[in-house]
Amino acid sequence: MRGLPKPRIYFSNGENEKRMTAHADKLMRDIWDAAGAKNVWAFPRNAHVIGTCRMGNNPATSVVNAEGQSFDIPNLFISDNSTFPSALSVNPALTIMALSLRTADRFLEKS
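Summary of the structure given here. (Residues numbered from 1 in each chain as written. Predicted model: local features only at pLDDT ≥ 70, side-chain atom pairs only at ≥ 80, totals over all residues. Heavy atoms only, no water.)

### Notes on helix H1 (residues 15-34)
Test applied: Note on conventions: DSSP H or I runs of at least 4 residues are helices, E runs of at least 2 residues are strands, and numbering of each starts at the N terminus. Expected helix span is taken as 1.5 Å per residue step, with the number of steps being one fewer than the number of residues.
For H1, spanning 20 residues, the distance from its first C-alpha to its last is 29 Å, which sits close to the expected 28 Å at 1.5 Å a residue. The positive-phi residue at the C-terminal boundary of H1 is glycine 36, with phi of around 85°.

Set out below in structure tokens:
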């Protein structure tokens, strides 16, 4: 898009994600067992990892403003789901795309 190559990003789970997945798997299996479920299986997957760079209006409680610009580092713009203040009820892909395009437009307007 915009004539630029897109980056290739790799992701792997850290120890915390592995522990949380194991906990969730055990909890769900206990629930299914209590409900009398048979032939229980789990499909290994990751949910949408979000947060860590919260978007907001207050630099004391947020990392970036509504345009994705860092409060602490003025030339840093963040355009991914790390800016979401909470989880969405649907797949975040289209929201991420829309926010990243808006952030890119604002960045280009200011340049």
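### Digging into the side chain of threonine 83
Heads up, the condition is: Type-normalised accessible area, obtained with a 1.4 Å probe on protein chains alone, sets the label of each residue: buried when under 20%, exposed when over 50%, and partly exposed for intermediate values. The contact definition used throughout considers only heavy atoms, calling two residues in contact when any of these lie within 4.5 Å.
With respect to the helices, strands and loops of the structure, threonine 83 is situated in the loop between H1 and helix H2 (93-110). Given the relative accessible area of 2%, threonine 83 is considered buried. Sequence-distant contacts of threonine 83, that is, excluding residues within four places in its chain, are made with Cys53, Arg54, Met55, Val64 and Ile78.

### Quick look at the pattern of salt bridges
Our working definition: Basic side-chain nitrogens of Lys or Arg form a salt bridge, by our definition, when they fall within 4 Å of a carboxyl oxygen of Asp or Glu.
Here the structure, examined in full by the defined rule, presents five salt bridges. Measuring nitrogen to oxygen at the nearest pair gives 3.8 Å for the salt bridge that ties lysine 18 to glutamate 15. Here the residue lysine 18 and the residue glutamate 15 both occupy positions in helix H1, the gap between them amounting to three residues, near one helical turn. Accessibility expressed as a relative area gives 47% for lysine 18, which makes it partly exposed. Residue glutamate 67 is joined to arginine 106 by a salt bridge in which the shortest nitrogen-to-oxygen separation is 3.7 Å. With glutamate 67 in the loop between H1 and H2 and arginine 106 in helix H2, this pair connects stretches of sequence that are 39 residues apart. Several salt bridges converge on common partners, so that one network encompasses Glu67, Arg106 and Lys110.

### Remarks on the environment of tyrosine 10
With respect to the secondary-structure elements, tyrosine 10 resides in the segment before H1. Taking the C-alpha atoms as reference points, tyrosine 10 and alanine 35, 25 residues apart in sequence, are found 38 Å from one another.

### Quick look at the side chain of asparagine 65
Defined as follows: Throughout this description, a polar contact denotes any pair of N or O atoms lying within 3.5 Å of each other; where both atoms belong to protein, one of them has to be capable of donating a hydrogen while the other can accept it, and for residues adjacent in sequence the pair is counted only when both atoms sit in side chains.
Tracing the sequence through the fold places asparagine 65 in the loop between H1 and H2. Here the side chain of asparagine 65 touches glutamate 67 through a polar contact of 2.8 Å, landing on its backbone nitrogen. Apart from residues lying up to four places away in sequence, asparagine 65 is in contact with Met55, Gly56 and Phe71.

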